[in-house]
Number of protein chains: 2
Amino acid sequence: MTRAAFAFAFAAALLASGPALAQTLHSPTNKLALNFRLSPEGEPLYQLSFGQKQVLKPSRLGVLLQGQPGFDKGLTVIKVDSAQVDETWAPVWGEVKQIRNRYKELLVTLQQPGTEKRQMQVRFRLFDDGLGFRYEWPQQPNLQYFVVQQERTEFNLPANHKAFWIPGDYDSNEYAYQTTRLSEVNTLPITPIQLKAAPTTVQTPLMLKSDDGLYVNIHEAALVNYPAMMLNVDTKNYALGAQLVPSATGAAAYLQAPEHTPWRTVVVSDKATEVLASKLILNLNEPTKLQDVSWIKPQKFVGVWWEMHVNKASWNYSDTGNLKLASTDWNALKPNGRHGANTANVKRYIDFAAKHGIEGVLVEGWNVGWEDWHGNWKEEVFDFVTPYPDFDVQELQRYATGKGVKLIMHHETSGSVTNYERRQDEALRFMKDHGYDAVKTGYVGRIIPRGEHHDGQWMVNHYNRTAEHMAKRQIMVDMHESVRPTGQHRTYPNWLASEAARGNEFNAWSEGNPPEHETILPFTRLMGGPMDYTPGVFQIKLESWNPERNKGRQVHTTLAKQLALYVTMYSPLQMAADLPEAYEQRLDAFQFIKDVAVDWDDTRVLLAEPGDYLTIARKAKGKDEWYLGAITDEQARNQQVKLDFLSPNTTYEATIYADGKGADWEKNPMVYQIRNVRVTSKSNLKLQLAAGGGTAISFKPARR
Amino acid sequence: MTRAAFAFAFAAALLASGPALAQTLHSPTNKLALNFRLSPEGEPLYQLSFGQKQVLKPSRLGVLLQGQPGFDKGLTVIKVDSAQVDETWAPVWGEVKQIRNRYKELLVTLQQPGTEKRQMQVRFRLFDDGLGFRYEWPQQPNLQYFVVQQERTEFNLPANHKAFWIPGDYDSNEYAYQTTRLSEVNTLPITPIQLKAAPTTVQTPLMLKSDDGLYVNIHEAALVNYPAMMLNVDTKNYALGAQLVPSATGAAAYLQAPEHTPWRTVVVSDKATEVLASKLILNLNEPTKLQDVSWIKPQKFVGVWWEMHVNKASWNYSDTGNLKLASTDWNALKPNGRHGANTANVKRYIDFAAKHGIEGVLVEGWNVGWEDWHGNWKEEVFDFVTPYPDFDVQELQRYATGKGVKLIMHHETSGSVTNYERRQDEALRFMKDHGYDAVKTGYVGRIIPRGEHHDGQWMVNHYNRTAEHMAKRQIMVDMHESVRPTGQHRTYPNWLASEAARGNEFNAWSEGNPPEHETILPFTRLMGGPMDYTPGVFQIKLESWNPERNKGRQVHTTLAKQLALYVTMYSPLQMAADLPEAYEQRLDAFQFIKDVAVDWDDTRVLLAEPGDYLTIARKAKGKDEWYLGAITDEQARNQQVKLDFLSPNTTYEATIYADGKGADWEKNPMVYQIRNVRVTSKSNLKLQLAAGGGTAISFKPARR
């Protein structure tokens, strides 16, 4: 690790000259330039350019407080500090082995008028691939406890860019992306999940593309003790304004100095591939404090899960509803005969995982409370420690251990987080006592404390606290229905993945995800961190599981594309989502899922265009093996791929899992072909992607 | 225990006759009569009479739901059931050894119009000393989860009664009582604590007295999973309407059928003494489910507490403010030299307790976080397990155990209940590991979850859950700043006491409590359960502790009255609130505190008038010893007391602790006299109470 930093202050000069001089900061290799100044009214303004192209027009900065003067106007600059950093660090797991953190920094200290001399700082970090900035409140005598009502932060775009957006919902990210001009943003016709914001409010990460070919991604990094930021779109002026998710009281954040906001991030490039390669958000997160990370294991898993989605089994043990957790005799309930999480069925998954080298088996619906778990805003739903009568915890612990497989715990909270928090200690003890060291958490439904939101400060603190509690107990966690990630897996590497987007599951029981969905996710949701998307569905036509209830339902994909997703949708935690019997019918294709890595030494984004296509190659951690995934939207495409990422002087056996003849995501999704070819770093491959299709390739050194 | 019950139904007759017939129910010995009927609009109405006197005029009943038709009008009576009960039960501890539960019951089933046939029941229980009624929702197909928006319950009084009231504050009961006619109720000029309700909203227990000598007390019993009820006063018509404390969303209660409300209680008598003797509220609570209650011990205690109130010591260890729990190095803080909870000082209290046979020693301020614990609506204030550097937990455990004294834990939450709940498991383990089996909890300040109130459903559930958790771990609890009690110490006998009113402490740092305060509390706050009032202040002039900061402060009492409070303010948990050095100067008077019991076989309310005076005699549990307390308001009074409660044929030595010559609460509070006389059950005693004074007497069988 190398590090160089220096700091100097313009304070004297500035104070002498009265109103602030404009400050300009250039990125390490001058790709980007940032300008900061105060308006004549003392409003902080910043702008950003990429070469000759304007990224952001002059945009306001500022924070409004509750019951106190805001930090938004009438301010003076009393000090400006600079620094620069160039260091390299190694993530515990990730897409690459090493990450370079190189930026120039500007720290502007602003002061309110009046005798109280209350100060706020804006810290800018300018990288070659984008900008991060945040507000900071240093320790000071006249600002200790304070309440942020709202931010004045703007991202004013110079033109009517194309935008990939989902509506501003304080409680859910589970929407298909809309692709429109900024002027056309309107969330109103969209089927709401728990939509509460204005019709022109959208979520971050927001992906934008200008007509002159600039790719701009706006999000945030290191969301700690603060609500998530959404963006209000001014559809006439293409200006975006921060909209903080409110707490139950309507205020945004309850803070105590010294404190700071998350980083607001703007990733910029004229190449879509470079947006995906950016490590800016990770770089803006804090390094982990964990000393021992040996217990953290990127992994694949199967689970008693998809069979519930496809109506072959149920989470609930009984069909009796309207039960109360404390007063129900769970042993006396009449079983419905369809309960998925029964001991025999779980053993079937354990057997399958053991046979194919899959590390984990998730079991949902193992614990009492699923009879009426959802939609009632009820506090006492689950206790996280009481199994259904047909789920034998001890026996399954014994059986899984004997087979070298790990069971993965499931903690669905039903959004009742007060209930989860007061039972979490006991729930984690129960896990450790029964051999579980990973858990999938869930937050379906409206939050309790009532009035709080999934994406508000209180819940943000809950997710972070949960990651921390679990790290203390050496437990890995995968959070569903949480706030969308902001790179905090750097700080909590046991927080392997989150859902926080519209996953593959939507294909099972809704209008589904359009084929373009997975080409947009890496440019939006995945900018913040790994997603548990649950790829790998082979039985794409779902009627075969339950002809009556799944009529017409199918995953919007070809089979080969499902394989490619293991490479294109980066995550250290990857589910093989389908049922064992689906895989057993197509073990040749399943071989790719068995082979593909979940942790990487290197990643090359070869081709990318949001909403259209994506081709990525990755080198498996510690091995000379590469895996390539290529996916397309509803358009069939041919791609020419140079294999110059392969090690020179090595011949590889490439196993190509491609769409079969006549493959089409809608009409003929399950046809695929597998072929082997020998290649070197000088080879080219022509990939033929069907409509809604893809290609997956494994490259292993050829046996002589 | 004897029990007789029978039930019969009028259903057929009612259905045949169309609109409901009026139902009349008489109390077991015909003292009270209840009438129920439906108005022509299908509104449920009830009225109550005491002999020829009207207690309540026709008053509406009903519950409004959120987003669904209410149970307030358009209803039909589809069934009426009756029952009667006469049984006797023994409380784990209490004012009397046995309690008779005798009532007649009417259960009216009401149905909404329409095809959904949703039902609500009203259950009336009519005792000879009052009425209890509640709403019930039986299990039914079309009403499972529902939200109570508000109640329509009325208590319509026939005239402009005198009322003893405190303002309708959703978060505090810590007010001095106002005594006005109903027409004069106006909370506006009162200094608010966290006042939020309308200016004509008051709290229960509400004590009323009619001009024709009827005493009426309105409160509730068995407050479970529901908000507290306040009362809106119609100052023109003397009608009272239920006002439920709202949740963060504004709704009152989130419920799941089968469910019921707490009992609304109306205690009625033409004798004030009988109001105090009523066991109606206890009878309406559920019996305890605890099998083993041997570990529950009524007790007296001293504590490191009053010395903080009188500015002799501090809760906080350092005077540095604006600290954060997680990031502060508590060992590095500069001590302020005034920290009360230091090892040596606590040992002094242990020595004193051991010497005088006092069971417990409370220590406040032992744990880190007191530097800026209050008023910041901060979530992470205390962790409940980390002592200040000068408080040696292990050494004090050893020392107290050696002396046969129990330390009492203190859990101040600062209102941050989410923080307490997620740490409670660990906090209780810490207690058990260090020999604590009793805890005083505190909820000073605004509640987190933000938007919830101390007296709302969510917090009500918290208090009950806490009592239950502690019972499981054999821990006794004393809750401060909780919702006011509703007789739940019957169900949770480990919940020894609550504060939930304006305690003695107010005399230390405010305008104080007027001398009448303790004559009103038994008719109001204490109707629901024991209070930790902290009597026993001997050093009544507080300037002697800190001349500068306590200038002019004094407790509004005579010393003898402080002794009398141990009898008049019933509680199984009684503090000897003053400092050891105060008691050591007056060990003759302290003898009464040493002697007085905290658990009783019998209680006789001899004289009582709310706001004026109160004389009670109680027989110590399992002993032939009686204790008498007599107190007065700011008026000096002479009382003639017959000792016919004493066992016949026994001569007792009475030790009389009376106001001394010239005693006066304001001008000469600390003068007292002690004399011994021999008495029998045929004796009379003349008590002379000074202005703001009192008399305490112990009666022990005389040695021959």
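Definitions and cut-offs
Residues numbered from 1 in each chain as written. Chains lettered and ligands numbered in written order. Predicted model: local features only at pLDDT ≥ 70, side-chain atom pairs only at ≥ 80, totals over all residues. Heavy atoms only, no water. Helix = DSSP H or I, 4+ residues; strand = E, 2+ residues; numbered from the N terminus. Rg over C-alpha atoms; globule rule 2.2 N^0.38 Å. Buried < 20%, exposed > 50% of the residue type's maximum accessible area, 1.4 Å probe, protein only. Contact = heavy atoms within 4.5 Å. Areas by Shrake-Rupley, 256 points an atom, 1.4 Å probe, with all protein chains shown as cover. Lys, Arg positive; Asp, Glu negative; His and termini not counted. Charge placed at Lys NZ, Arg CZ, Asp CG, Glu CD. Pairing = 2+ DSSP bridges. Axes fitted to C-alpha atoms, helices over the stretch in contact; angles between N-to-C directions. Buried area = accessible area lost by both parts, 1.4 Å probe. Salt bridge = Lys/Arg side-chain N within 4 Å of Asp/Glu carboxyl O. Polar contact = N/O pair within 3.5 Å; in protein donor to acceptor, adjacent residues only side chain to side chain. UniProt positions renumbered as here; feature names shortened; annotations may be inferred. Expected span 1.5 Å × (residues − 1). Phe/Tyr/Trp six-rings, centres within 6.5 Å; stacked < 30°, edge-to-face > 60°. Lys NZ or Arg CZ within 6 Å of the ring centre and 35° of its normal. Least-squares fit on C-alpha atoms with pLDDT ≥ 70 in both. Parallel < 35°, antiparallel > 145°, perpendicular 65-115°, else oblique. Left-handed = near helix turned anticlockwise from the far one by under 90°.

## Quick notes on the overall build of chain A
Link 1 in the chain: Along chain A, the regular secondary structure elements total 13 helices and 36 strands.
Link 2 in the chain: On C-alpha atoms alone, chain A measures out to a radius of gyration of 26 Å, which is about the 27 Å that the 2.2 N^0.38 rule sets for 704 residues.
Link 3 in the chain: Out of the 704 residues in chain A, the part that is buried amounts to 67%.
Link 4 in the chain: Contacts in chain A between residues at least 24 apart in sequence constitute 71% of all its contacts with a sequence separation of at least 6.
Link 5 in the chain: Carbon and sulfur atoms make up 48% of the accessible area of chain A, which totals about 24200 Å².
Link 6 in the chain: Both charge centroids of chain A, one from 77 positive and one from 79 negative side chains, sit 4 Å from each other.

## Here we look at the sheet that holds strand S26 (residues 476–479) of chain A
Residues and elements named next belong to chain A.
Link 1 in the chain: Pairing is parallel across the open sheet formed by 7 strands, whose spatial order is S27-S26-S25-S24-S23-S22-S28. Across the chains shown, the open sheet's two edge strands, defined by having one partner strand only, are strand S27 (495–498) and strand S28 (573–575). Here the average twist between neighbouring strands, direction ignored, is 25 degrees.
Link 2 in the chain: In terms of strand pairing, S26 meets S27 through 3 bridges, oriented parallel.

## Examining the interface of chain B and chain A
Link 1 in the chain: Taken residue by residue, the interface counts 33 residues in chain B and 33 residues in chain A.
Link 2 in the chain: For the pair chain B and chain A, the summed buried area comes to about 2800 Å², and 45% of that belongs to carbon and sulfur atoms.
Link 3 in the chain: Connecting chain B to chain A are 6 salt bridges.
Link 4 in the chain: Of the charged contacts, one joins Arg422(A) and Glu421(B) as a salt bridge, the two residues approaching to 2.6 Å between their closest N and O atoms.
Link 5 in the chain: Inspection of the chain B/chain A interface yields 20 residue pairs in polar contact (both at pLDDT 80 or more).
Link 6 in the chain: At the level of secondary structure, the elements contributing two or more residues to the side of chain B that touches chain A comprise strand S20 (253–256), helix H7 (417–433) and helix H8 (457–472) of chain B.
Link 7 in the chain: Top element by residues in the side of chain B that touches chain A is H7(B). It accounts for 6 residues.

## With respect to the environment of Thr568(A)
Residue and element names in this part refer to chain A.
Link 1 in the chain: Along the polypeptide, Thr568 turns up in helix H11 (residues 559–568).
Link 2 in the chain: Thr568 gets classed as buried once you look at its relative accessible area, which sits at 2%.
Link 3 in the chain: A sequence separation of 85 residues divides Thr568 from Val483, and the C-alpha atoms of the two residues are 22 Å apart.
Link 4 in the chain: Residues contacting Thr568, with those up to four places away along its chain left out, are Pro522, Leu614, Ile616, Arg618, Gly629, Ala630 and Ile631.

## Some remarks on the side chain of Asp595(B)
Residue and element names in this part refer to chain B.
Link 1 in the chain: Checked against the element boundaries, Asp595 lands in helix H13 (residues 587–595).
Link 2 in the chain: A relative accessible area of 18% means that Asp595 is categorised as buried.
Link 3 in the chain: Within the local environment of Asp595, its side chain forms a polar contact with the side chain of Lys700, the two groups lying 3.1 Å apart.
Link 4 in the chain: Dropping the residues within four chain positions of it, Asp595 is found in contact with Lys300, Tyr627, Tyr657 and Lys700.

## A look at the UniProt feature "domain: Glycosyl-hydrolase 97 C-terminal oligomerisation" (unreviewed entry) in chain A
Link 1 in the chain: Taking the UniProt record as the reference, the feature "domain: Glycosyl-hydrolase 97 C-terminal oligomerisation" (unreviewed entry) is found at residues 599–700 of chain A.
Link 2 in the chain: Each end of residues 599–700 of chain A is marked by a C-alpha atom, and these two atoms are 16 Å apart; helix forms 0% of the span and strand 59%.

## A word on helix H5 (residues 343–356) of chain A
Residues and elements named next belong to chain A.
Link 1 in the chain: Helix length check: H5, at 14 residues, gives a terminal C-alpha distance of 20 Å against a target of 20 Å (1.5 Å per residue), a fit within 8%.
Link 2 in the chain: Three or more residues of H5 are buried, namely Thr343, Asn345, Val346, Tyr349, Ile350, Phe352, Ala353 and His356.
Link 3 in the chain: Remark: Gly357 follows H5 within two positions and exhibits a positive phi of approximately 70 degrees.

## With respect to the packing of aromatic side chains
Link 1 in the chain: All chains considered together, the criterion is met by 60 aromatic pairs over all chains.
Link 2 in the chain: Ring geometry for Trp366(A) against Phe391(A): centres 5.9 Å apart, planes inclined by 45 degrees, an arrangement best described as tilted. Note that Trp366(A) is positioned in the loop between strand S23 (360–363) and helix H6 (393–403) and Phe391(A) in the loop between S23 and H6, a separation of 25 residues in sequence.
Link 3 in the chain: When the ring of Phe592(B) is compared with that of Tyr657(B), the centres are 5.2 Å apart and the planes differ by 65 degrees; the resulting orientation is edge-to-face. One end of the pair, Phe592(B), is in helix H13; the other, Tyr657(B), is in strand S34 (residues 652–659), with 65 residues separating them in the sequence. Judged on exposure class, the residue Phe592(B) and its partner Tyr657(B) are both buried.
Link 4 in the chain: Every member of this aromatic cluster is reached through a ring pair, and the members are Phe36(A), Tyr46(A), Phe124(A), Phe133(A), Tyr135(A) and Phe155(A).
Link 5 in the chain: Lying over the aromatic face of Trp377(A), Arg446(A) brings its terminal NZ or CZ to 3.7 Å of the ring centre.

## Description of the pattern of salt bridges
Link 1 in the chain: This model, assessed by the stated rule, comprises 86 salt bridges over all chains.
Link 2 in the chain: Between Glu95(A) and Arg618(A) there is a salt bridge, with its nearest N and O atoms 2.7 Å apart. Residue Glu95(A) is found in the loop between strand S6 (76–89) and strand S7 (99–111), and its partner Arg618(A) is found in strand S30 (residues 613–620); the two are separated by 523 residues along the sequence. Residues Glu95(A) and Arg618(A) agree in their burial class; the two are buried.
Link 3 in the chain: Residue Glu259(A) pairs with Lys324(B) through a salt bridge whose shortest N-O separation is 3.9 Å. Placement of Glu259(A) in strand S20 (residues 259–260) and of Lys324(B) in the loop between helix H4 (306–309) and helix H5 (343–356) is noted, with the two residues assigned to different chains.
Link 4 in the chain: For Glu259(A), a relative accessible area of 14% corresponds to the buried category.

## As for the sheet that holds strand S5 (residues 53–60) of chain B
Residues and elements named next belong to chain B.
Link 1 in the chain: With antiparallel pairing, 4 strands are arranged side by side in an open sheet as S2-S3-S4-S5. Two strands in the sheet have a free side with no partner beyond their single neighbour: strand S2 (23–26) and S5. Across the sheet, the mean angle from the axis of one strand to that of its neighbour is 15 degrees, orientation sign disregarded.
Link 2 in the chain: When strand S4 (residues 44–50) meets S5, the two strands line up antiparallel, connected through 5 bridges. Residue pairing in the sheet places Ser49 in a bridge with Gln54 of S5.

## Points about unusual backbone geometry
Most peptide bonds are trans, and most residues other than glycine sit at a negative phi.
Link 1 in the chain: Following Thr204(B), the chain continues into Pro205(B) via a peptide bond in cis, with omega recorded as -5 degrees.
Link 2 in the chain: When you line up the elements, Pro205(B) lands in the loop between strand S15 (201–203) and strand S16 (206–209).
Link 3 in the chain: Even without being a glycine, Lys117(A) presents a positive backbone phi close to 50 degrees.
Link 4 in the chain: Structurally, the position occupied by Lys117(A) is in the loop between S7 and strand S8 (119–127).
Link 5 in the chain: Residue class for Lys117(A) comes out exposed when judged on its relative accessible area of 52%.

## Quick word on the relation of the copies chain B and chain A
Link 1 in the chain: Under the fitted operation, chain B is carried onto chain A by 0.0 Å of movement along the axis and a turn of 180 degrees, and the coordinates agree to an RMSD of 0.0 Å. Such a turn and shift between the copies fits a two-fold axis. Across chain B, the smallest distance between a C-alpha and the rotation axis is recorded for Arg422(B), namely 2.3 Å.
Link 2 in the chain: A high fraction, 100%, of the interface residues of chain B reappear at the interface in chain A, so the copies pair face to face through one surface.

## Some thoughts on the packing of helix H7 (residues 417–433) of chain A against H7(B)
Link 1 in the chain: In contact at an axis separation of 7 Å, H7(A) and H7(B) are set at 30 degrees when each is read in the N-to-C sense. The angle between H7(A) and H7(B) falls in the class roughly parallel. Crossing geometry of H7(A) relative to H7(B) is assigned as right-handed. In contact with Thr418(A), Glu421(A), Arg422(A), Asp425(A), Glu426(A) and Arg429(A) of H7(A), H7(B) contributes Thr418(B), Glu421(B), Arg422(B), Asp425(B), Glu426(B) and Arg429(B).

## Quick notes on the pairing of S34(B)
Residue and element names in this part refer to chain B.
Link 1 in the chain: Of all 8 residues that make up S34, 7 are buried, and the element is covered over most of its length.
Link 2 in the chain: In terms of strand pairing, S34 meets strand S35 (residues 672–679) through 8 bridges, oriented antiparallel. Residue Glu653 lies in a different strand from S35, and its bridge partner there is Arg678.
Link 3 in the chain: Of the pairings in the sheet, the one linking S34 to strand S37 (residues 694–701) comprises 6 bridges and is antiparallel in character. The residue of S37 that forms the bridge with Ala654 is Phe699.

## Regarding the environment of Asp433(B)
Link 1 in the chain: In this structure, Asp433(B) sits in helix H7.
Link 2 in the chain: In this structure the C-alpha to C-alpha distance between Asp433(B) and Gln397(B), which are 36 residues apart in sequence, comes to 9.7 Å.

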